[in-house]
Structures are given as C-alpha cells and as structure tokens.
Amino acid sequence: MDIKNDPRFSGIEPFENKVWLSSPTMHGDEQKWVDEAIKTNWVSTMGANLNEVEKELAEYIGVKHAVGLSAGTASLHLATKLAGEKLYGQARPNEGTLAGHKVFCSDMTFDATINPVAYEDGEAVFIDTERDTWNMDPKALEKAFEIYPDVKLIVLAHLYGTPGKMEEIKKIADAHGAIIVEDAAESLGAKYKMDGKWCETGSLGDYNCISFNGNKIITGSAGGMFLTNSTEDANKVRKWSTQSREDAPWYQHEEIGYNYRMSNIVAGIIRGQVPYLADHIAQKKAIYERYKAGLADLPVSMNPFDDDKSIPNYWLSCMLINEDAMAPFVRGEKDQLWHTEPGKSSPGEILAAISAFGAEGRPIWKPMHMQPIYRTHGFITAEGNGRGRSNAYIEGTGIDVGADIFRRGLCLPSDNKMTPAEQDKIIDIIHRCFK
Ligand SMILES: Cc1ncc(COP(=O)(O)O)c(C=O)c1O
C-alpha cells in the first residue's frame, strides 16, 4: 500500500522542503575566504586558508599538527599506511605496508574507516560492537587478542559522534603493544575523559583522522585532516600527500606518492565553518533531546552514550526499537519487506513513512562483517569467534550485537536546519507507525 494512503497517516501533509539527514549549513564567511583565495590567486593546494585551518584544528583538537587532505578517506589511508610502515617497515612499491598482517577493526562503521587496511594489503578482522556507545567492544577486542596475539594495529571509529570506550581499548592496546588509528570523521567536537582528563576525539589514537565531507558537523564540501603530535609523522603524511617529491631540482621519488592534499578553496569553506562548530553541536544536541522527549512514550530508545566519560557531538540522532515491539521485517542484499502490526513497527516501515512525506532518514550503517566484500574476513564477538556459530542440532547462533542494532535501529533526520515543527511532524509520523 502507498504509505500516504494508509489511514494511520491521514491528515499529514508532505514537508514543503525536504528535511535532510544532515546537510551543509553555510554562514557567509565561507564565501569571503573562497573569494580571497581567488582574488589572491591561491587556487591551489597551498595558501593562507590551508595554513589557517591546519593551525585552528590542531589547536582545537589539542594536537601539535594537523595536515589538510582531500578527504577523510585520504587521511585514513595515510594514517593506516604510516601505522603499517612503523610496524612492518617500508613496503615495495607494488605492495601494501600491511601485506600478510591482520588488523582489528571497528565493525559498525562506514566502510571508509577500514577500506584503507585493504588498500595496504592487510586483512581486517572485525570486532563486534558494545551496547553502551555502539562502538568497538573492549571485551570482544580482548577475545580477538586471545585468538590472534600477534596483531599490532587497531582501527576504530566513534559512530554517529559518540565516543567509544577509549580508556579500556587503550589499556588493551598497550598491553599488546598495539597502535591505534582513530577515525573521528563523525565525531569532530566530541569529548572523552581519558585518565581523568577531557580530550577531543581526534587526539586519542596514535594516528588520528577527521572529515569535512558535506554531511559532517562542519564541512568544506570535501576534505579531511590527519592529526598527530609527531612532527616527523606530519611531515611524512604531507610529503606522501603531494606525490612524495624529494628535495631535488627534478621530480625525484624514493617513495610511492599520492595526490591527497587539501585545496586552498576547500580550506576556505572550512575556515568559514570553524567558528560555528559549537553552534552546530548545540543544534544537534537540541535535536537529539527533542527526539528523546518526543519518543519517550514509545517502545524505543535513542543511541546511547556514556554520560560520565563522554560528551558526544550528537551528529546523528538514532533510535532502536525494543525487541518485543519489532514488527516482522526482513532484509535481503538489496530489497526489504515488512508487515505492519498494531503496537509494533520496524526500521523499514519508519524510514519509508518519513520518506513518503519528504524527510530523509537512513538505516544504521550495515556492519562490515555482514558486507559481501568482507564476508570471508574474521569477526570476533565478546564470546570469541563470531563466524560459524550456527548448528542444525544446537539452538542459538551466538551474540552479534552489530547485526542486532542494524536490524532494530535507524538514523533519524538530524539536519541542524530542521525546525522544531518539522521535527515534531517526524515524531508524529513515527508514533503513527506504531498505531
Ligand atoms: C566514520 C567515517 N569514516 C570515514 C569517512 C570518510 O570521510 P570522507 O568522506 O571525508 O572521505 C566517513 C564519511 O564520509 C565516515 O562517516
């Protein structure tokens, strides 16, 4: 049935303007800095905007160096390569630095977090998710080290702007002499209390990355940064990102290079956005709290965080439907099917309903261990090996927290330009799904 003709939604008018999941929010200064770059002819991967945003972001995050790059993915690639080179030495030109090595990776994240492990010829082993913050589960990480004691690299993300359990993870990493690549692409501005001291995400790993993709909390239309306290590492990443040129009068190369540097035009947009980071976080927080209050009478919960140890940036508001309120819902590789049942609903139904009226939500990021491309890779849960758990003669298939959150959860429209009236309408539509 066309959802708009479903009597449960009678009287609801479509949104006049589309309500986005998370779209860019410009303030005016972006244009000024872009114009200045053009007027002064710094239309290149050098210039005042780039220098300024590197300085501002390093100061804000509390690290010595920020290196502006073309994307968060570029930053993750070079961070992962740097980690591989530190651990295993310089690779031959046709081989990645992680060849022959496993890497423990966040499972519930966007694939850009962990694809660089494959770019570098490593093998990602996915670590299941915990329920308190929806990030890498330290218990599963411990199990992973029991199974693969030789692993020396952990790549993790802070999902939807909520910091993960970094203190526990850092202790485990230190105990095994492992280093951490931190993906703070979604969590710029989120804070975490590490050993009693408040720190910014993006400063918590050995090699740290942020993104200025168009959907992020502040944007440059694209762009990313590598963050570090090491001058040597910053210099190396800057060199690799500009084709690895040597100090010679001609093009001379001792290492493989990349064209990954941030443009001074992109940096101009970011320069105009930085002063508004705190405002964007406050707006996203208000959205999260409005959903929390508006959905409190339904059998659902919001994406959780650790109140004592973290302050999220509330980039995306998400909800999780209680198990006993889940209507029948199945997903194939590309299609999905759901039924309606009184008092129950499903992510499929809710996303279709809000979309029918012109608002954009999204399923929870599908866990990496469920992705066709990574189905042959290891997956470790708090119980141990998460693969091959089912048995025709024994009930139960073992825990898989990521799969469960993917099945019952969804990302709600979280655009900071959404008005309270628009948000109330979304909350109303969700209520009607449960009618
Ligand atoms: C967790 C995470 N990591 C990495 C990226 C990649 O960043 P970019 O799009 O800037 O390459 C994104 C989103 O784009 C992301 O959400």
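Residues numbered from 1 in each chain as written. Predicted model: local features only at pLDDT ≥ 70, side-chain atom pairs only at ≥ 80, totals over all residues.

Secondary structure assignment for the chain yields 12 helices and 18 strands. Relative to its length of 435 residues, the chain is compact, with a C-alpha radius of gyration of 22 Å against a globular reference of 22 Å. Seen along its three principal axes, the alpha-carbon backbone of the chain occupies a region of about 75 × 60 × 40 Å. Taking all 435 residues of the chain together, the buried fraction comes to 50%. For the chain, the proportion of contacts with a sequence separation of at least 24, taken over those separated by at least 6, is 72%. (Helix = DSSP H or I, 4+ residues; strand = E, 2+ residues; numbered from the N terminus. Rg over C-alpha atoms; globule rule 2.2 N^0.38 Å. Buried ≥ 20, exposed ≤ 12 C-beta atoms within 10 Å, placed from the backbone. Contact = placed C-beta atoms within 7 Å.)

Our next topic: the sheet that holds strand β12 (residues 318-321). Read across the sheet, 4 strands follow the order β10-β12-β18-β15 without closing on themselves; strand pairing throughout is antiparallel. Looking along the sheet, the strands with just one partner apiece sit at the ends: β10 (300-302) and β15 (362-363). Relative to β12, β10 runs antiparallel, the two sharing 3 bridges. For Ser 301, the partnering residue across the bridge sits in β12 and is Leu 320. Packing of helix α10 (residues 347-356) onto the sheet brings it into contact with β15 and β18 (409-411), and relative to β18 it is tilted by some 25°. (Pairing = 2+ DSSP bridges. Axes fitted to C-alpha atoms, helices over the stretch in contact; angles between N-to-C directions.)

Bringing the sheet that holds strand β2 (residues 102-106) into the picture now. What the 9 strands build is an open sheet, ordered β1-β9-β8-β5-β4-β2-β3-β16-β17; its pairing is mixed. Only two strands of the sheet have a single neighbouring strand rather than two, namely β1 (65-69) and β17 (384-385). Bridge count between β2 and strand β3 (residues 123-127): 5 bridges; the pairing is parallel. Within β3, the position partnered with Lys 102 by the bridge is Glu 123. With respect to the sheet, helix α7 (residues 231-241) is in contact with β1 and β9 (224-228), its orientation differing from that of β1 by roughly 10°.

Looking now at the pairing of strand β5 (residues 179-183). Burial analysis of β5 places 4 of its 5 residues in the buried class, which makes it a mostly covered element. Bridge count between strand β4 (residues 153-157) and β5: 5 bridges; the pairing is parallel. Bridge assignment links Ala 157 to a residue of β5, and that residue is Asp 183. Traced from β4 through helix α6 (residues 166-175) to β5, the parallel crossover comes out right-handed. Taken together, the 3 bridges between β5 and strand β8 (residues 207-211) define a ladder with parallel strand orientation. Paired with Glu 182 across the bridge in β8 is Asn 208. (Right-handed = clockwise from strand over helix to strand, strands pointing away.)

Treat this as a map of the structure, not an account of what it does.
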